[in-house]
Amino acid sequence: MNGFLGACGAVFLAIILVANLSGARKDMASILALAVCVMLALTAGQYLRPVLDFVSELEEISSIDGEMVGVLMKIVGIGVISEITVLVCADAGNASIGKSLQFLSAVVMLSLSVPLFRSLIRILQEILGQL
């Protein structure tokens, strides 16, 4: 929780600094904004560690194939990365490029989901066959 509160404080400070630098030193404002984004990504990484540990535990105690868990993690990663990129595109005034990237990421995630859907259908067939 302290990392989150510190990140929020840093964001508020960065907003004030970027607003003040935007008029005279746009290059410094952009570098500061990028540095804050990197800091936030690293902070988010700290909060993802327990989630990844839980997924590993779930994989060990269940019959979930490790490959399927990997596919799920890729899908989540694509979603997060594309959302961040779309927001950066919108901030840069290129919302149309961001929307195109959003469409592409949805198609890629759907494509990666095909093995999961096949596995789900197989499981449902096994369950229905036992009835």
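A few points on the structure. Bear in mind that the values here come from a model prediction, so they are computed numbers and not experimental data.

The rules we used
- Residues numbered from 1 in each chain as written.
- Predicted model: local features only at pLDDT ≥ 70, side-chain atom pairs only at ≥ 80, totals over all residues.
- Heavy atoms only, no water.
- Helix = DSSP H or I, 4+ residues; strand = E, 2+ residues; numbered from the N terminus.
- Rg over C-alpha atoms; globule rule 2.2 N^0.38 Å.
- Buried < 20%, exposed > 50% of the residue type's maximum accessible area, 1.4 Å probe, protein only.
- Contact = heavy atoms within 4.5 Å.
- Areas by Shrake-Rupley, 256 points an atom, 1.4 Å probe, with all protein chains shown as cover.
- Lys, Arg positive; Asp, Glu negative; His and termini not counted.
- Charge placed at Lys NZ, Arg CZ, Asp CG, Glu CD.
- Salt bridge = Lys/Arg side-chain N within 4 Å of Asp/Glu carboxyl O.
- 1 Å grid on protein atoms, 1.4 Å probe; cavity = no way out; pocket = protein on both sides within 12 Å on 5 of 7 lines; lining within 4 Å.
- Points joined across faces, edges and corners; volume = space filled by probe spheres on them.
- Nonpolar A, V, L, I, M, F, W, Y, C, P; charged D, E, K, R; others polar.
- Expected span 1.5 Å × (residues − 1).
- Bend = angle between axes of the 7 residues up to and from the residue.

## Comments concerning the overall build of the chain
Item 1. Broken down by element type, the chain carries 4 helices and 0 strands.
Item 2. Ordering the α and β elements of the chain from the N terminus gives α-α-α-α.
Item 3. Radius of gyration (C-alpha) of the chain: 20 Å, far over the 14 Å computed for a compact globule of 131 residues.
Item 4. On the principal axes, the C-alpha backbone points of the chain span a range of 70 × 35 × 20 Å.
Item 5. Every one of the 131 residues in the chain was classed for burial, and the buried ones make up 14%.
Item 6. Residue pairs at least 24 apart in sequence account for 50% of intrachain contacts in the chain once pairs closer than 6 positions are excluded.
Item 7. Looking at the chain as shown, the accessible area adds up to about 9900 Å², and 71% of this sits on carbon and sulfur atoms.
Item 8. When the 7 positive and 10 negative side-chain charges of the chain are each reduced to one mean point, those points stand 11 Å apart.

## As for the pattern of salt bridges
When their charged atoms lie close together, side chains carrying opposite charge are able to pair.
Item 1. For the coordinates displayed, the defined rule picks out 3 salt bridges.
Item 2. In this structure, the salt-bridge partner of D27 is R25, at a minimum N-O distance of 3.5 Å.
Item 3. The exposure class of D27 is partly exposed, given its relative accessible area of 44%.
Item 4. Between E126 and R122 there is a salt bridge, and its shortest N-O distance comes to 3.9 Å. Of this pair, E126 and R122 both sit in helix α4 (residues 95–130), 4 residues apart, which is roughly one turn of the helix.
Item 5. With a relative accessible area of 45%, R122 lands in the partly exposed category.

## Some thoughts on the environment of V36
Item 1. Residue placement: V36 occurs in helix α2 (residues 26–61).
Item 2. Spatially, the C-alpha atoms of V36 and M68 are 34 Å apart, while their sequence positions differ by 32 residues.
Item 3. Once residues lying within four places of it in the same chain are set aside, the contact partners of V36 are V11 and A14.

## Focus on the layout of surface pockets
Where empty space is left can be seen by rolling a probe of water-molecule size over the atoms.
Item 1. Of the voids in this model, the largest pocket is the one considered here, and its volume is about 900 Å³.
Item 2. Forming the boundary of the largest pocket are 26 residues, of which A33, C37, L40, I84 and V88 lie nearest the centre.
Item 3. Secondary-structure elements contributing two or more residues to the lining of the largest pocket are α1 (2–24), α2 and α3 (66–91).
Item 4. Ranked by residue count, the leading element in the lining of the largest pocket is α2, at 12 residues.
Item 5. Its residues assigned to classes, the lining of the largest pocket shows 22 nonpolar, 3 polar and 1 charged.

## A closer look at α2
Item 1. Over its 36 residues, α2 runs 53 Å from end to end, which matches the ideal 52 Å to within 8%, given 1.5 Å per residue.
Item 2. The principal kink in α2, of about 35°, is found at L48, preceding the proline P50 by one to four residues.
Item 3. Those residues of α2 hidden inside the fold are in contact with α1 and α3.

## Digging into the environment of V71
Item 1. Its location among the elements puts V71 in helix α3.
Item 2. Along the primary structure V71 and S113 are separated by 42 residues, whereas in three dimensions their C-alpha atoms are 7.5 Å apart.
Item 3. Contacts of V71, omitting those with residues within four sequence positions, involve L112 and L116.

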